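Close look at the chain arrangement
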Amino acid sequence: MKFSYKFSNLLGSVYRKGNILFSPDGNSVISPVGNRVSIFDLKNNQSETLPIESNTNITCVALSPDGVTLILVNEEGDALLCSLLSRTVIHTYKFHRTVHSIQFSPDGKKFAATRDNMVQIFHAPGKSKEFNPFVLYRSFYGAYDETMCIDWTSDSRAFCVGSKDMNTRIYGTEPYNNLIVYSIGGHADAIVGAFFEKDSLNLYIISRTGHISVWKCNTELDGLIPYSKPKMETDAKLLSDNEEEEEEEEEPDKKEEDATKNSVKNEDQIKYTRVAKHSYRESLGEGARVSKLTSVAFHKDINILVSGFKDGSFYLHELPDFNLIHSLSISDQTISSVAFNKTGDWIGLACSGLGQLLVWEWQSETYVLKQQGHFNNISCLSYSPDGQYISTGGDDGKVKLWNTSSGFCFVTFNEHLGGVTGVTFTQNGQVVLSSSLDGTVRAFDLNRYRNFRTFTSPRPVQFSCITVDHSGDIVCAGGMDTFEIFVWSMQTGRLLEVLAGHEGPVSSLSFSSNKALLASGSWDKTVKLWDVFESKGAKENIVLSSDVLAVKFRPDGKELAVSTLDAQITFWDPSNLIQTHSIEGRHDLGYSRKEGDKITAKKSSAGKAFLTICYSADGKCLLAAGQSKSVCIYSVPDQLLIKKFDVSCNMSFDGMEEYLDKKKMTEWGSLSLVDQGEGDKNGQNISLPGVKKGDMSSRHWKPEVRIVSVQFSPTGRAWAAATTEGLMIYSLDSGLVFDPFDLDIEVTPKSTKKALSKGEYSTALILSFKLNEMKLKQEVFEQIPVSSVDVIVENLPDIYVDKLLGFLASQIEHTAHIEFYLLWVNRILMTHGLKLKQRSQKIISCLRTLQKNVTRKYEDIGKICDHNKYSIDYILALSECKRKQVPVSEDEEEEGGASDSVMGEGDELDSSDEDFMTNLMEKVT
């Protein structure tokens, strides 16, 4: 179980491309992020990335009305049928063409997909037991260009399709006498959206130029006449002579009836009449500039249309009169997708240029969700000491903090003017430090969320790395252009020392935990050890055979790991400067080639190396990654590769292919290097040739897959990797239930429950931990009376103390019996504290998990207590106001009575006052 890490979540990126959706209950947003899908639960403030991965980026998402079946379509036209219950892929289907839109019918029995210039209708999967869930029902043709959008009628009997040929066509799902196909024109550009009215065949059609046409149908929705075949002529041979005579007599009458029927049919054919035409330019007023329309959504129950534009603005209009409700802007980038939730209160907005996802409540004009990843790639990451937060820095100059449990970014610092090269937390977890290419090192306070210190150098320096000592008072940063290390004081902000000696850019810094020893690695092929407090010069010097890319001290400070450009990791004893062992990692990085490479993958791997390394909490394992899609976990004592993780299989990235694809090769070179001209077609600015940073959307290119930073969580139960795809979190497999320890024939669940029923609580607890089944452990643990806690804890063997502490640490996060669990923790720490301290290095991950979960519970309960405190104060203030006496007249004073409205101190509330207080308490709770 120690190395059963599995992908658990994707942070740092909330949206890439494609359409976003709301769940049927309207509480969650489904967003495609690259080749994965993330679900943001707005009600419970949680995010989850499905463990489903496509071969390329996902462009279309469709969800069944029951919220169980999810269909994902990628850039290559491959469809994945997924179950949201089991979180697995059930089936795959290849459209072999680009799919622009896919949508389920309202009754959930069918779904439609646009493919080239046609529309294909499939039977909805799961409704019948078929080996192939994608059963084609019918294909509809008629468009002269690519079909772009689909919408169904409320009863799923008909649907409309908008196309690039500027026409909209209405088809019947089944054959109808009065509807075969009806084509509507009248627009000067491609159709972006076409929507039916609720329970009607009336249409709203929106084109890219911002013109809206309102079309009224002469037929009601229930007026569609099912197709019936004409009666076949009876066989003359089977008719008797009399019957033939009767037919001859009735023949003139039948001819007249057929003629009248045909005339009725012609009159009953559905027809559309344009009753209104609107324009965004007219609704916004004269002189208003309107960009190209990129996305629209229509809520049929409230008749509200939301439209997103290329310049980042979005508008709300009420149809059919096209009255403007709101006019807002979120950025200067294109709004790629918009969506309504079920009730129509929330609007989802997605911007692919910034990787931004918003949920806006338009009635109260407030944001329900506002998340944005790094505009450019993530360049560094760091875990907080309790493992509750992750800090990331990006090439866009932003420092973001992410909550590991919810997956949301809760604060963004924009003070840097250049790319961030390093981030780190202080040991108390209250301060985040970051280094940047803008020549500053900044300290951010996590209590007030502000930049309270800015460290600079005497002359401008581009800082490449940063570290802080365990006291949190000494801050060090390495220079990229001056080859020096700068040392500041956190308390005063003054520059204390400039450490010179390297002859190349300083690539990495690391502080030792047991001594004030600083290790610095440089491209000059040396690692220098500095004593920051005692001497100014380098204390020791380690000469290596290649450029140093990363250095890292073991958590106990007794070992130093060094990664070099020749893909080797060497381990050194810092006290004696003796190399203890080394790892050759060139073959572990994996073989991959870029699309433009003219050499084999094996040859291209010669230039790859580990850019980042990190020790586990116990120091027995090392995490290493670099310019490939692989992350390696090594056993340090054995110098062996334990496991290798491939962070992505997304072929939309460069550097993923292992073999040369001869189909893409021509006599002039690879077809993949040909610019597709997307920038010209969409009117985007094309940057200079070779420019790949700063404006990704303006030039067609494939980002290269790489891992720039990895780090173990202090709890030991997870590790994170900053990749091209985002911030990927891998955690231990919690689904592994049975992990036996010290089992024999008598250790069974039955014997455990028997011991529990007899009151042998200590025996039952040890038996449950031997079986190591979570439900059984929880059942036994929570049935132990409080009076027996002290006796059990005192007599518990050391090995089960560690196991019990780990169980408590993991369960405190979810349990409602917080006092009972904290009582156990208190007794364990008080009774076995000295022994736990002696073996703290082995159980450090367990202790940090305990700290993390107790801190989170403390914050949650603190918020509830504050809320209740203020509510009670408010109720008490109201009751005092009720009890105040109003001034009485002289006659009432003589009579010795009081007014009916006056309440004495000993009086009770009347029934109306009691009802008022009851209602108030219900509202407060």
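Rules of the game
- Residues numbered from 1 in each chain as written.
- Predicted model: local features only at pLDDT ≥ 70, side-chain atom pairs only at ≥ 80, totals over all residues.
- Heavy atoms only, no water.
- Helix = DSSP H or I, 4+ residues; strand = E, 2+ residues; numbered from the N terminus.
- Contact = heavy atoms within 4.5 Å.
- Areas by Shrake-Rupley, 256 points an atom, 1.4 Å probe, with all protein chains shown as cover.
- Polar contact = N/O pair within 3.5 Å; in protein donor to acceptor, adjacent residues only side chain to side chain.
- Salt bridge = Lys/Arg side-chain N within 4 Å of Asp/Glu carboxyl O.
- Pairing = 2+ DSSP bridges.
- Axes fitted to C-alpha atoms, helices over the stretch in contact; angles between N-to-C directions.
- Core = buried A, V, L, I, M, F, W, Y, C linked by side-chain atoms within 4.5 Å.
- Buried < 20%, exposed > 50% of the residue type's maximum accessible area, 1.4 Å probe, protein only.
- Phe/Tyr/Trp six-rings, centres within 6.5 Å; stacked < 30°, edge-to-face > 60°.
- Lys NZ or Arg CZ within 6 Å of the ring centre and 35° of its normal.
- Arc of directions from axis to C-beta.
- pLDDT = per-residue confidence, 0-100.

What about the overall build of the protein chain?
Each helix and strand in the protein chain was counted, giving 13 helices and 58 strands. Long-range contacts, defined here as pairs at least 24 residues apart, represent 49% of the contacts in the protein chain between residues at least 6 apart. Taken as a whole, the protein chain presents about 45,500 Å² of accessible surface, with 49% of it coming from carbon and sulfur.

Comments concerning the environment of Val411
Turning to its location among the elements, Val411 is positioned in strand β33 (residues 409-413). Discounting chain neighbours no more than four positions away, the residues touching Val411 are Val399, Lys400, Leu401 and Tyr449.

As for the side chain of Thr56
Counting through the fold element by element, Thr56 comes out in the loop between β5 (46-49) and β6 (58-63). A polar side-chain atom of Thr56 sits 3.4 Å from the main-chain amide nitrogen of Glu75. For Thr56, the contacting residues outside a window of four places in its chain are Asn35, Asn74, Glu75, Glu76, Asn650, Met651 and Ser652.

Things to note about the pattern of salt bridges
Taken as a whole and judged by the stated rule, the model has 15 salt bridges. Here Asp301 ties to Lys198 by a salt bridge, and the two come within 3.0 Å at their closest N and O atoms. In this pair, Asp301 sits in the loop between β22 (293-299) and β23 (304-309) while Lys198 sits in the loop between β18 (191-196) and β19 (203-207), placing the two residues 103 residues apart along the sequence.

Things to note about the sheet that holds strand β30 (residues 378-383)
The strands making up a sheet are joined through hydrogen bonds of the backbone, oriented either antiparallel or parallel. Across the sheet, which stays open at both edges, the four strands sit in the order β30-β31-β32-β33 with antiparallel pairing between neighbours. Looking at the sheet topology across the chains shown, the edges are occupied by β30 and β33. In this sheet, neighbouring strand axes are inclined to one another by 20° on average, regardless of whether the strands run parallel or antiparallel. Of the strand pairs in this sheet, strand β32 (residues 399-403) and β33 are connected by four bridges, and their pairing is antiparallel. Each bridged residue has a counterpart across the sheet, and for Lys400 the counterpart in β33 is Thr412.

With respect to the sheet that holds strand β37 (residues 450-456)
The strand order across the open sheet built from four strands is β34-β35-β36-β37, with neighbouring strands paired in antiparallel fashion. The open sheet has two free edges, formed respectively by β34 (420-425) and β37, since each of these has just one partner strand. Neighbouring strand axes in the sheet, compared pairwise and without regard to direction, differ in orientation by 20° on average. Relative to β37, strand β36 (residues 440-445) runs antiparallel, the two being bridged by six bridges.

Some points on the nonpolar core
Inside soluble globular proteins, nonpolar side chains tend to come together where they are buried. Core analysis: the largest hydrophobic core is formed by 35 residues, its most contacted members being Leu765, Phe781, Leu804, Leu808, Tyr821, Trp824 and Ile828. Contact partners of Leu765, with chain neighbours within four places excluded, come to Val780, Phe781, Ile784, Ile792, Leu804 and Trp824. Ile633, Ile707, Phe712 and Leu732 belong to the second largest nonpolar core, which has 20 residues in total.

With respect to the packing of aromatic side chains
How two aromatic rings sit relative to each other is given by the distance of their centres and the angle of their planes. According to the stated counting rule, one finds 41 aromatic pairs in the structure shown. Three or more aromatic residues link up through ring pairs in this structure, and these residues are Tyr93, Phe95, Phe104, Phe111, Phe122 and Phe134. A cation over an aromatic ring shows up here: Arg36 above the ring of Phe7, its NZ or CZ 3.9 Å from the ring centre. Seen from the ring of Tyr137, Lys110 lies directly overhead, with NZ or CZ sitting 4.8 Å from the centre.

Overview of the environment of Leu179
Assignment of secondary structure puts Leu179 in the loop between β16 (168-172) and β17 (181-184). For Leu179, a relative accessible area of 3% corresponds to the buried category. Spatially, the C-alpha atom of Leu179 lies 9.4 Å from that of Lys271, the residues being 92 residues apart in sequence. Those residues within four positions of Leu179 in sequence are excluded, and the remaining contacts are Ala158, Ile170, Tyr171, Gly172, Leu224, Gln269 and Ile270.

Details of helix α5 (residues 749-757)
In an α-helix, one turn spans 3.6 residues; hence positions three or four apart end up facing the same way. Of all the residues in α5, the buried ones are Thr752, Ala755 and Leu756. Projection of α5 onto a plane perpendicular to its axis shows the buried side chains occupying an angular sector of 100°, all on one side. Exposed side of α5, more than 90 degrees from the buried face: Lys750, Lys754 and Ser757 are the residues found there. Contact partners of the buried residues in α5: α6 (761-771) and α7 (774-782). A positive backbone phi angle near 90° is found at Gly759, which sits one or two residues after α5.

Here we look at α6
Counting buried positions along α6 yields eight of eleven residues, so the element is predominantly enclosed. Among the residues of α6, those classed as buried are Ala764, Leu765, Ile766, Leu767, Ser768, Phe769, Lys770 and Leu771. Looking at the residues trailing α6, positive phi occurs at Asn772, about 60°.

Here's the deal with the side chain of Ser313
Of note, Ser313 is situated in strand β24 (residues 313-318). You can call Ser313 buried: its relative accessible area is 7%. Of note is the side chain of Ser313, whose polar atom sits 2.7 Å from the side chain of Asp311. Among residues more than four places away in sequence, those in contact with Ser313 are Ser307, Gly308, Leu328, Ser329 and Ile335.

Side note on the confidence of the model for the protein chain
Across the protein chain, the average pLDDT comes to 82, with 82% of residues at or above 70. A low-confidence stretch, residues 231-264 stays under pLDDT 50, and its non-local contacts, those more than four residues away or across chains, total six contacts. Low pLDDT (under 50) marks residues 892-911, which in the prediction has 19 contacts with non-local residues, meaning those over four places away or in another chain.

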